[in-house]
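For reference, the chains in residue letters:
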Amino acid sequence: MAHFDENARPFSHKWMNERLAVDTLKRVLSTEYWIPKNINFLWAMGMLLAATFGLLLVSGIFLLMYYQPNTQLAFDSVNYTIMSEVGYGWLWRHIHGVGASVVFLIIYIHMFTGIYYGSYKKGRELIWLSGMLLFVLFSAEAFSGYMLPWGQMSYWAGMVITNLFSGGGLHLNGLVEWIRGDYVPGQAFLNRFFMLHVLLVPLAIIGVIVLHFGTLRIPHVNNQDGEEIDFEEAAELYKAGKVKKSKVIPFNPVFLSKDIFVMGVYFTLFFYLVFYHFEFAMDPVNFDPANPLKTPTHIYPEWYFLWSYEVLRPFPTNPGLIAFGFAQVIFFFLPFLDRSPNVAPANRRGLFKFWFWALLIDMIVLTFMGKLPPVGIWSTIGLIAAVTFIGLWIALPIITSKEKKL
Amino acid sequence: MKELKILGVVTVFTLILYWGVEPFAHSQMHKHVEGNNFKYADLSPLKAHGDVAKGKTLVTTTCVACHSIESQGIKAPMDAVTSAQTYGVNPPDLSNVGALLDEKFLAHFLMDPAKVTKSKHFAMPPSASSEQDAADIAAYLKSIAPKELKPKEAFVMACGRCHANRYGKWTQIGDVPETKSNIKTGVDLAALDFKKKVGTYQNKLADYMGKLPPDLSIIIRARSEHFLKTFVEDPQSQLPGTAMPRVGLTKEGFEKVKAYLEETGDPSKPLREETGSKVLFFFVVFTFLALLWKKSVWKGHH
C-alpha cells in the first residue's frame, strides 16, 4: 500500500497529493501539456465547442425542469410556460436554440480546419475518427431535440427522417414502426426522443469528448505548417526558460490565455445572436403546433443537415438513399482516402488545394439547394452539386496518390 | 495579420452561408406580396358625406337586430353560442368598430359585405341601401368609438370571434372565467360548462368557415410581420381561397392588434432588449481583459 503521512492535515496539499496525485494531474493535464506555438485562432475551436456544449448542458437542465414530454402539453410547456411564466425561461430557451445552431457552425469550422491543415494524418487518425463520431452524436442530439417542442416542423421532420429507415425499395415499414413506436409520430415517439435527447445521447457525447481529448495526447495537436516537432526537446527548452526559442507552449496558462480571448470574442457574438438575432435558429414553422392533418408547404431540416439532405433529394428513391448513406459515412474515411504522406496546409499540396476549396464550395451550394424548393433550376443545380460531391470523394485517393512529397 | 486574413475568410464564408439559407431561401420560398398600406385602393372614395344623427336612427332601427352596442347600453339579442348556432358566428359588438375600421371600407362593406370582405359566404347581408345610408352609419359608428383602444380590445373586436388566444386566456366567446373546483371531488362544473359552450361555438364556427380558425397565441412568431400585415390587409393576396374575410382594419388598428399579439406571443421582448445590452457590455469588458491577460502571458514568446 502507498505511504500516507499520518500527520498531514485533511485536505492539505500533501494530504491531497498522497490520495489524488494533484501535482501530477496538474502537470500532465495543464502546465506541462504541450501545444505547438505556431498556431492561429482556429486552434481555439475545440475549446469553443467545449464551452458551447457546457452552455447547452446548463440551459438544457433549466429547460428540463419545465418541459413536458407529452404530445398534448409539450408545445405549450415550451412556448407558454417556459417563454412567459418562468423567470428568464426565454433566455435559457434562446441560449439553447441559438447554441444548437451555432455549435454546428463551429463544428464545421473545426472540421474544415482539420482538413485544411491535414490534422487527420499520420498518427492523428483517431483524433479525426473520434471527432467524426462526435459529429454524428451531435447530429442525433440536434435531431432528437428538434422533436421536443412538438411543432409542425418537429412533427414533419420526424416523419420524413424516420421514413428513411424504410430503406426505399426494401420497404422496411416494420422497422420504421419499431423506431416510432407507432404508425406515425405520437406519444411513444416523443417519449423516446426525449429520453435520447436528455440522457442517452448526452452521456455518449460526454464519453466521446473524453475519448477525443485522449486521442490528442500522444500525437499532439498539429500546427500551422504541419511541422513535425520533437515535443520532449522543445518542452525541455521551454522549462529551461528559453520560451522564445522553444516551439511549444504549455496549455496552462499560455494556450489558455489565447483561448479565453477568442472565447470572449465568440461569446460577445453569441449573445448578440441570443438577444437580438435568434430567429435564424428558431424556424417560424415550428411555432405552429404539430398537426398531422396539415403538411407544411416546405419541409426542410435545420441548415446544418441541408447538404446531406440535398445529396439524397435530387436522385430517385433507391440511388438517393445510397448517396445519402455515402454522405453520412464518407468523412470517416478521410484519413484513409488521402494517400499523400504530406502533413501540410492545403495551399502547399498541389491538387489537394483545389479539392479542399471545391469541397467547401460544393457543400455550401448543396446547403443552399437543400433549403430551396426542388423545382426547375434549383433541382438541376442540386443534382450537379450532389454528383460533384460524390465525384470529389472518388477523386481524392487518385489526386493525393499523385501528390509530390514535400 | 495572418490571423486577420483567416478570420476574414471564415467570416465571408459564414455570411454567404447565412445569406443563402436565410434571406435568399425565404425570398424564394414565399411569394412576395406587396402591401397597400391599408389604403383599400380597390374601393372608390366616398362621395356622400355622413350624417351622424341620421346614422344613429339607421343603426338603432336596423343593426341592433343582430348586433349589441354595449357602450350605448344596447344588449345583444342572443348570447354568443346561440348566435353561432343561428349565423355560424357571433356578430360583433359595434362599440369599437369605428375606432379600428377604415371609414371608406366600412361604408362599402355595409352595402355589399361578401364582395368587400372577399369572403364567398359572409353571414351578414347587405345592410345599407344607398351610399348615403352607408356613410351615415359609418359616421355614427365613428362618432361613438373611443379615441384610444387597448391592444386587447382591438384584438377582441377584429379577430376575437373566430380566433382564440389561449395564452391570453381568450376564447371565441369571451375570457376564460375564473372558476373554483369542488374541494372534495376536484370537479369544476363551471369550467366544464364553459368548455362545453366554447366547444359548441367552435363546432358551429368550423362548419361556417370550413375549418376552425387557428389560435393566435403565438402567431407573431409563426409568421413574419410582413406576412401578417399583408394577410390582414387582404387575406386572398397571401392565401387565395381562404375563408378569412378582409376585415378592413386601418393601419393604426392593425398596429394595435399586433401589439396584443406581441403581448401574448412574445412577452419577453422588453426584458430581452434591456438584458441584452448588459450582457453584451459584460462580454466586451471580459474580452478586453482577456486580451490584456493574453498579452501579458505571451510576453517574450515571439
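Residues numbered from 1 in each chain as written. Chains lettered and ligands numbered in written order. Predicted model: local features only at pLDDT ≥ 70, side-chain atom pairs only at ≥ 80, totals over all residues. Heavy atoms only, no water.

What follows concerns the overall build of chain A. A tally of regular secondary structure across chain A gives 16 helices and 2 strands. For a compact globule of 406 residues, the expected C-alpha radius of gyration is about 22 Å, and chain A comes in at 24 Å, within 12% of that figure. With 406 residues in all, chain A has 54% of them scored as buried. Residue pairs at least 24 apart in sequence account for 77% of intrachain contacts in chain A once pairs closer than 6 positions are excluded. Positive and negative charge centroids in chain A, built from 29 and 27 side chains respectively, lie 9 Å apart. (Helix = DSSP H or I, 4+ residues; strand = E, 2+ residues; numbered from the N terminus. Rg over C-alpha atoms; globule rule 2.2 N^0.38 Å. Buried < 20%, exposed > 50% of the residue type's maximum accessible area, 1.4 Å probe, protein only. Contact = heavy atoms within 4.5 Å. Lys, Arg positive; Asp, Glu negative; His and termini not counted. Charge placed at Lys NZ, Arg CZ, Asp CG, Glu CD.)

The next subject is the pattern of salt bridges. Residue and element names in this part refer to chain A. Following the criterion strictly, the structure yields 27 salt bridges over all chains and no others. Linking Glu32 and Lys239 is a salt bridge whose minimum nitrogen-to-oxygen distance equals 3.2 Å. With a gap of 207 residues between them, Glu32 in the loop between α2 (22-31) and β1 (34-36) and Lys239 in helix α10 (residues 231-239) connect regions that are remote in the sequence. Classification of Lys239 as partly exposed rests on a relative accessible area of 46%. Asp225 serves as the salt-bridge partner of Arg348, at 2.6 Å between the closest nitrogen and oxygen. One end of the pair, Arg348, is in the loop between α14 (334-337) and α15 (351-371); the other, Asp225, is in the loop between α9 (187-217) and α10, with 123 residues separating them in the sequence. One network of salt bridges, with partners in common, ties together Arg27, Glu32, Glu236 and Lys239. (Salt bridge = Lys/Arg side-chain N within 4 Å of Asp/Glu carboxyl O.)

As a further point, take the domain arrangement of chain A. Much of the literature gives interface size as the accessible area that the parts lose upon coming together. All names here are of chain A. The assigned domain composition of chain A is domain 1 (36-282) and domain 2 (300-406). Computed from C-alpha atoms alone, the centre-to-centre distance between domain 1 and domain 2 is 22 Å. Each partner contributes to the interface: domain 1 provides 35 residues, whereas domain 2 provides 34 residues. Interface area, domain 1 with domain 2, both sides summed: about 3000 Å², of which 71% is carbon and sulfur. Area buried by domain 1 at its contact with domain 2 is led by Phe112, Tyr116 and Lys121, which between them contribute 23% of it. Our count for the domain 1 to domain 2 interface comes out at 2 salt bridges. The partner of Lys121 in a salt bridge is Asp338, with the nearest N and O atoms 3.3 Å apart. Where the side of domain 1 that touches domain 2 is concerned, the elements lending two or more residues are α5 (89-117) and α6 (125-147). (Domains from an automatic or database assignment. Buried area = accessible area lost by both parts, 1.4 Å probe.)

Glancing now at the packing of helix α8 (residues 173-180) of chain A against α9(A). Residue and element names in this part refer to chain A. Remark: α8 packs on α9, axes separated minimally by 8 Å, with the N-to-C direction vectors making an angle of 65°. For the element pair α8 / α9, the angle class is roughly perpendicular. Residues Trp178, Ile179 and Arg180 of α8 form the contact with α9, whose own contacting residues are Ala188, Phe189 and Arg192. For the contact of α8 with α9, the class distribution of residues is 4 nonpolar, no polar and 2 charged. (Axes fitted to C-alpha atoms, helices over the stretch in contact; angles between N-to-C directions. Parallel < 35°, antiparallel > 145°, perpendicular 65-115°, else oblique. Nonpolar A, V, L, I, M, F, W, Y, C, P; charged D, E, K, R; others polar.)

One finds Phe104(A), Phe270(A), Phe271(A), Phe331(A), Trp355(A), Phe389(A) and Trp393(A) to be the most contacted residues of the largest nonpolar core, which totals 182 residues. The element that contributes the greatest number of residues to this core is α5(A), accounting for 16 residues. A domain-level breakdown of this core finds at least three residues from each of domain 1 (36-282) and domain 2 (300-406) of chain A. If sequence neighbours within four positions are ignored, Trp393(A) has contacts with Phe326(A), Ile330(A), Phe331(A), Leu334(A), Leu337(A), Trp355(A) and Leu359(A). Counting residues in hydrophobic clusters, the runner-up holds 8 residues, among them Ala84(B), Cys162(B), Leu205(B) and Met209(B). (Core = buried A, V, L, I, M, F, W, Y, C linked by side-chain atoms within 4.5 Å.)

Listed by partner, the interface residues are 59 residues for chain A and 51 residues for chain B. Here chain A packs against chain B, burying approximately 5200 Å² in sum over the two surfaces, 73% of which is carbon and sulfur. Across the chain A-chain B interface, the total number found is 4 salt bridges. With a closest N to O distance of 3.4 Å, Lys371(A) and Glu22(B) form a salt bridge. At the boundary of chain A with chain B, the tally comes to 20 residue pairs in polar contact (both at pLDDT 80 or more). Taken together, the elements giving at least two residues each to the side of chain A that touches chain B come down to α4 (74-85), α5, α11 (251-276) and α15 of chain A. Element by element, the count of residues in the side of chain A that touches chain B is highest for α11(A), at 15 residues. Residues belonging to the side of chain A that touches chain B are distributed by class as follows: 42 nonpolar, 11 polar and 6 charged. (Polar contact = N/O pair within 3.5 Å; in protein donor to acceptor, adjacent residues only side chain to side chain.)

Residue and element names in this part refer to chain A. Turning to its location among the elements, Lys404 is positioned in the segment after α16 (376-401). Its relative accessible area of 72% is what places Lys404 among the exposed residues. Between the alpha carbons of Lys404 and Ser379 there is a distance of 38 Å; along the sequence they are 25 residues apart.

Geometry of an aromatic ring pair is reported as the spacing of the ring centres plus the angle between the planes. Summed over all chains, the structure comprises 59 aromatic pairs over all chains. Here the aromatic rings of Phe11(A) and Trp15(A) are separated by 4.7 Å at their centres, their planes lie at 50°, and the arrangement is tilted. By relative accessible area, which is 66% here, Phe11(A) ends up exposed. For Trp15(A), a relative accessible area of 18% gives the class buried. Seen from their ring centres, Phe143(A) and Phe193(A) are 5.7 Å apart, and the 80° between their planes marks the pair as edge-to-face. Taken together, the positions of Phe143(A) in helix α6 and Phe193(A) in helix α9 put the pair 50 residues apart, joining distant regions of the chain. We classify Phe193(A) as buried; its relative accessible area is 8%. Following the ring pairs from residue to residue traces out a cluster consisting of Tyr88(A), Trp90(A), Tyr266(A), Phe267(A), Phe270(A), Phe271(A), Tyr272(A), Phe275(A), Tyr276(A), Phe282(B), Phe283(B) and Phe286(B). The ring centre of Trp298(B) lies 5.8 Å from the NZ or CZ of Lys258(A), which sits over that ring. Between Arg349(A) and the ring centre of Phe352(A), over which it is positioned, the NZ or CZ distance is 3.9 Å. (Phe/Tyr/Trp six-rings, centres within 6.5 Å; stacked < 30°, edge-to-face > 60°. Lys NZ or Arg CZ within 6 Å of the ring centre and 35° of its normal.)

What follows concerns the side chain of Asn165(B). Residue and element names in this part refer to chain B. Here Asn165 shows up in the loop between α8 (151-158) and β1 (170-171). A relative accessible area of 0% places Asn165 in the buried class. The residues touching Asn165, leaving out its near neighbours within four places in the chain, are Phe155, Trp170, Asp215, Leu216, Ser217, Tyr260, Leu261 and Thr264.

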